[in-house]
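Now for the letters of each chain:
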Amino acid sequence: MSNLNSTISANRTHIGFFGLRNAGKSSVVNAITNQSMSLVSNIKGTTTDPVKKSMEILPIGPVVIVDTPGMDDEGALGELRIKRTLEVLKTMDMAVLVVDANVGLQKIDLDLIDMFKENKLPYFIVFNKCDLIEEKKELASNEIYVSALNNDNIDGLKQLLASVVKKQKEKTIIGDLIDSGDVIVLVIPIDQSAPKGRLILPQQLVLRDILDHHAIGMTCQVEELDATLKKVTPKLVITDSQAFNKVSQIVDKSIHLTSFSILMARLKGSLSTVLEGANQLDHLQDGDCVLISEGCTHHRQCGDIGTDKLPKWILNYTKKNITFEFTSGQGFKEDLSKYSVVIHCGACMLNEKEVQSRVKECKKQHVPFTNYGIAIAKMNGILDRSVEVF
């Protein structure tokens, strides 16, 4: 069962609360979470930046709740806050529009609803401060009256949110590819770029999914792979992308082979896009610029795959004079026009909605999008083999 300890932030349902200043967004958030997650006051614009928190809310389950600044914020700083709110909107799985029941829906509220629809977001309209109105209108199925002050109908709002969450099928990273008793070998290099004392998140996700489906997970480094395969014949070998070349030479072609990064692309719903985007590596020319983007921030060190190994492999593969730029963390370039291709990490720290938002932006600007594992498989001539298991 999913709970606070077992569900990572990227796999939680992200619920964003939007609306005008003083509609009571923060009060509704605090009532739902049963804690003072956001500051509340009668002064407009108390929430100045998106406030995000992972938690477990019954009966909804593990979620990330995001309280946003008012969409009617003013001044130059207010414009920046609105911009941040719109960026957050693109990464949500569900939206809650909080409206002052005394005032009703305003033009900005209607604009937000259009944005929800454009981004294919399930949404609810919450008429807050219902304790202050005398006459209530008949509401649509996705609308509800609440009073955050008196905690009226907050449970009803939770039930509405839970009804959507339950419809969203929980994805599996590898479980649908394996059967009980299958042997899966995971090749995990422990080199200078590997984090001390732990496995990275995609490796953890795959190993846990293997165990959840009662298959047998075996782990080794590249140096032990040959000896491992002499002891067992696995259904599938999954490798860290940077070891693709060596591993592909060791694993017999009768055994399926893929990478953690490719599994992540499939999990995030971008596999077809990154497969198509990899073809751009064959069309790079002198003077082209490649954007290498990571979804998280970490300490860079010698041998880093994104900033060190990948550029070297691309230069060697293309034999072209190519330049590289890098981004990391939650930020993503708005203007992609200078790039010939975007190569993204596995995005284990980003939820599917945010990955799809980045893919959508690349498509909008006609920039090919691929990821580490697919690009590395392409450059090693094993791309078809790396996806045949699917």
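Use the structure listed above.
Residues numbered from 1 in each chain as written. Predicted model: local features only at pLDDT ≥ 70, side-chain atom pairs only at ≥ 80, totals over all residues. Heavy atoms only, no water.

### Focus on empty space enclosed by the protein
Moving on, step 1. Across all of its chains, the model carries one cavity of 30 Å³ or more by this definition.
Moving on, step 2. There is about 60 Å³ of room inside the largest cavity.
Moving on, step 3. In the lining of the largest cavity, the residues fall into six nonpolar, four polar and one charged. (1 Å grid on protein atoms, 1.4 Å probe; cavity = no way out; pocket = protein on both sides within 12 Å on 5 of 7 lines; lining within 4 Å. Points joined across faces, edges and corners; volume = space filled by probe spheres on them. Nonpolar A, V, L, I, M, F, W, Y, C, P; charged D, E, K, R; others polar.)

### Quick notes on the nonpolar core
Moving on, step 1. Judged by nonpolar contacts, the single largest core of 52 residues is most densely connected at Val237, Val247 and Ile343.
Moving on, step 2. Among the elements that take part in this core, helix α12 (residues 372-379) stands out by supplying six residues, more than any other.
Moving on, step 3. With 27 residues, the next largest nonpolar core counts Ala31, Ile32, Ile57 and Val98 among its residues. (Core = buried A, V, L, I, M, F, W, Y, C linked by side-chain atoms within 4.5 Å. Buried < 20%, exposed > 50% of the residue type's maximum accessible area, 1.4 Å probe, protein only. Helix = DSSP H or I, 4+ residues; strand = E, 2+ residues; numbered from the N terminus.)

### Re the packing of aromatic side chains
Moving on, step 1. Considering all chains together, one arrives at three aromatic pairs under this definition.
Moving on, step 2. Centre to centre, the rings of phenylalanine 18 and phenylalanine 116 are 5.7 Å apart; their planes meet at 55°, and the pair counts as tilted. One end of the pair, phenylalanine 18, is in strand β1 (residues 13-19); the other, phenylalanine 116, is in helix α3 (residues 107-118), with 98 residues separating them in the sequence.
Moving on, step 3. What makes phenylalanine 18 buried here is its relative accessible area of 0%.
Moving on, step 4. Ring geometry for phenylalanine 116 against tyrosine 123: centres 5.6 Å apart, planes inclined by 40°, an arrangement best described as tilted. The exposure classification of phenylalanine 116 matches that of tyrosine 123, with both residues buried.
Moving on, step 5. Feature note: the residues Phe18, Phe116 and Tyr123 constitute an aromatic cluster, connected by ring pairs.
Moving on, step 6. Sitting above the plane of the tyrosine 145 ring, lysine 136 keeps its charged end 5.5 Å from the centroid. (Phe/Tyr/Trp six-rings, centres within 6.5 Å; stacked < 30°, edge-to-face > 60°. Lys NZ or Arg CZ within 6 Å of the ring centre and 35° of its normal.)

### Let's talk about the pairing of strand β5 (residues 123-128)
Moving on, step 1. Here β5 lies mainly inside the structure; six of its six residues are buried.
Moving on, step 2. Looking at chain direction, strand β4 (residues 94-100) and β5 are connected through six bridges and run parallel. Paired with aspartate 100 across the strands is asparagine 128, a residue of β5.
Moving on, step 3. Read from β4 through α3 to β5, the crossover connection turns out right-handed.
Moving on, step 4. Pairing geometry for β5 and strand β6 (residues 143-145), over three bridges, is parallel. Within β6, the position partnered with valine 126 by the bridge is isoleucine 144. (Pairing = 2+ DSSP bridges. Right-handed = clockwise from strand over helix to strand, strands pointing away.)

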